[in-house]
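Analysis of the macromolecular model
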Amino acid sequence: MRFNPFVFSRTFLLWAILGLLGGLIAGVYWIVLEFLTHKIALFEGLLVIPIMAICGFLAGLVIHLIGDPGEIHLIVNNIRFNNGKLDPKNNPSMILSSLLCVASGGSLGPEAPLVQVTGSTGTWFGKIFRLKGEELRSMSIAGMASGFTALFGAPLGGSLFSLEILHHKHAVEYYKAIIPALVASSFSYIVFACIVQLGLGAVWKVPIYEYSGIFDFALAVIFGITATTIGWLFIYCTKFFKSLFEKRPIPIYIKTLVGGLLLGIISYYLPITRYFGHNEINTLLNHTYSIKFLFLILIFKIITISITVTSGWRGGFIIPLFFVGATLGLIIHYFFPSTNLTLAIISCMAAINACVTRTPMSTTILLATLTGFSYFIPILFASLTGYFLA
């Protein structure tokens, strides 16, 4: 078979253009999200409770009137069983409802909405050029990767995440999509960085880690086991609140209203548990809290994520889980001050996320990028611990 440079150039250009579109969508979404967040944040004190309840009600009303955009498992099923086709008709509902949920202070981040919107954009783009089968599926996965990468600033991590999130047993089936995902992710990151004036470097400022010996790997595993236990607690907590919200069939806007009310009450008493944790992680790391307060943060952050997920609010829980892991790392270091603080924090962040999302490879790369932690192996040990004990 003779190599045809025109075919290569055409496919490369399609991946690149899709990445540019994904970065543009993510950039505009982020600007609108920040604008809404600042406006809603003007309501302080007791006003936090009614404003979150109102935003929850409005988000539910959007879903009720425009259509249910679905959850991440719907994306997974469409990739696996619907020839990789993601329906863009639900994008308006997802965009509007998630903006209200994330901006008002729900404990879910914008990663899941962006993955769904950019993934369906990949499907739409592929259909324009009459792609079918594996080529169309690869475009959908590349679109997902472009949205995820834009937010986290990690093209390799975003590409691997778009494959791993399809479940570990099936991710290998789509290995052909890794190059399209990488290309789209790289172009997406460039556009997003230009739009939001994003610089290079770590987002979360953890203390500098100094390798102290082979025993650090054993500590990473021990921290990972502890964090996995908290991951199980989160899963059971989510199942508990799910059973409560599904006990009686009620309209989605009533469910999101109740969820917003509960979240507002918790946010009023524990403001650091509000929002999805992107900025709050640095607040957590840069301040000294009592051990009792750290336990309160840990417990109620798990509760707020569970309520947000099960009450119909829209968003993703990767960054909120990182926040829980960081809190657990601080608690461990309080009881065992001789341990390396940075190792404890990052190992816990990695393990709990890998436990819940089943994405050990992308979790490792994402955390290394977001924290500036240059030693991959301890993070990988912790991630694999959470993955295999999930």
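Residues numbered from 1 in each chain as written. Predicted model: local features only at pLDDT ≥ 70, side-chain atom pairs only at ≥ 80, totals over all residues. Heavy atoms only, no water.

1. Some details on the overall build of the protein
A count of helices and strands for the protein gives 16 helices and zero strands. Sorting the 390 residues of the protein into buried and exposed places 57% on the buried side. As displayed, the protein has an accessible area near 17,300 Å², and 70% of this comes from carbon and sulfur atoms. (Helix = DSSP H or I, 4+ residues; strand = E, 2+ residues; numbered from the N terminus. Buried < 20%, exposed > 50% of the residue type's maximum accessible area, 1.4 Å probe, protein only. Areas by Shrake-Rupley, 256 points an atom, 1.4 Å probe, with all protein chains shown as cover.)

2. Here we look at the nonpolar core
Core analysis: the biggest nonpolar cluster contains 84 residues, and Phe152, Trp204, Leu284, Phe322, Met349 and Leu367 have the highest contact counts within it. With 11 residues, helix 13 (residues 318–335) is the single largest residue contributor to this core. Counting residues in hydrophobic clusters, the runner-up holds 11 residues, among them Trp15, Ala16, Phe125 and Ala142. (Core = buried A, V, L, I, M, F, W, Y, C linked by side-chain atoms within 4.5 Å.)

3. Digging into the packing of helix 4 (residues 91–104) against helix 5 (residues 111–128)
Packed helices, taken two at a time, are described by their axes: the angle between them and the distance between them. Where helix 4 meets helix 5, the closest approach of the two axes is 10 Å, and the angle between their N-to-C directions is 155°. With respect to their mutual orientation, helix 4 and helix 5 come out roughly antiparallel. Relative to helix 5, the crossing made by helix 4 is left-handed. Together, Asn91, Met94, Ile95 and Ser98 of helix 4 and Pro113, Gln116, Val117 and Ser120 of helix 5 make up the contact between the two elements. (Axes fitted to C-alpha atoms, helices over the stretch in contact; angles between N-to-C directions. Parallel < 35°, antiparallel > 145°, perpendicular 65-115°, else oblique. Left-handed = near helix turned anticlockwise from the far one by under 90°. Contact = heavy atoms within 4.5 Å.)

4. Thoughts on the packing of aromatic side chains
Scanning the model with the defined rule gives 17 aromatic pairs in all. Taken together, a centroid distance of 5.4 Å and an interplanar angle of 75° make the contact between Phe240 and Phe241 edge-to-face. The rings of Trp124, Phe125 and Phe129 are connected pair by pair, giving a single aromatic cluster. Over the ring of Tyr387 we find Arg358; its NZ or CZ atom is 4.7 Å from the centre of that ring. (Phe/Tyr/Trp six-rings, centres within 6.5 Å; stacked < 30°, edge-to-face > 60°. Lys NZ or Arg CZ within 6 Å of the ring centre and 35° of its normal.)

5. Focus: unusual backbone geometry
For Tyr275, which is not a glycine, the phi torsion comes out positive at approximately 70°. Note that Tyr275 resides in the loop between helix 10 (252–269) and helix 11 (280–286). A positive phi is found at Arg358, a non-glycine position, where the angle reads about 60°. Residue position: Arg358 is located in the loop between helix 14 (341–357) and helix 15 (360–371).

6. Topic: helix 12 (residues 291–310)
Taking 1.5 Å of rise per residue, 20 residues should cover 28 Å, and helix 12 covers 29 Å from first to last C-alpha, within 8% of that figure. Gly312 sits one or two positions beyond helix 12 and adopts a positive phi of about 95°. (Expected span 1.5 Å × (residues − 1).)

7. So, helix 10
Taking 1.5 Å of rise per residue, the 18 residues of helix 10 would be expected to cover 26 Å, and the 26 Å separating its terminal C-alpha atoms lies within 8% of that figure. Within helix 10 the residues assigned to the buried category are Lys255, Thr256, Gly259, Gly260, Leu263, Gly264, Ile266 and Ser267. Residues of helix 10 that are buried sit in contact with helix 2 (48–66), helix 9 (215–245) and helix 12.

8. Describing the environment of Tyr209
Assignment of secondary structure puts Tyr209 in the loop between helix 8 (178–196) and helix 9. When the C-alpha atoms of Tyr209 and Ser374 are compared, they prove to be 8.7 Å apart, with 165 residues separating the residues in sequence. Residues in contact with Tyr209, not counting those within four places in the same chain, are Asp216, Asn340, Thr342, Leu343, Phe373, Tyr375 and Pro378.

9. Some words on a nonpolar patch on the surface
Side chains of Leu46, Leu261, Ile265, Tyr268 and Tyr269 sit close together on the surface and give an oily, nonpolar patch of about 520 Å² of accessible area. With respect to the element layout, Leu46 can be found in the loop between helix 1 (5–40) and helix 2. (Patch = residues over 30% accessible without salt bridge, like charges linked within 9 Å, V, L, I, M, F, W, Y side chains within 5 Å. Salt bridge = Lys/Arg side-chain N within 4 Å of Asp/Glu carboxyl O.)

10. Details of the packing of helix 9 against helix 12
The contact between helix 9 and helix 12 brings their axes to 9 Å, and the two run at 45°. Between helix 9 and helix 12, the angle is such that the two are oblique. Two packed elements cross with a definite hand, and for helix 9 against helix 12 that hand is right-handed. Touching Ile230, Leu233, Phe234, Cys237, Thr238, Phe241, Lys242 and Phe245 of helix 9 are Leu298, Ile302, Ile303, Ile305, Ser306, Ile307, Val309 and Thr310, all from helix 12. A breakdown of the residues in the contact of helix 9 with helix 12 according to their chemical character gives 12 nonpolar, three polar and one charged. (Nonpolar A, V, L, I, M, F, W, Y, C, P; charged D, E, K, R; others polar.)

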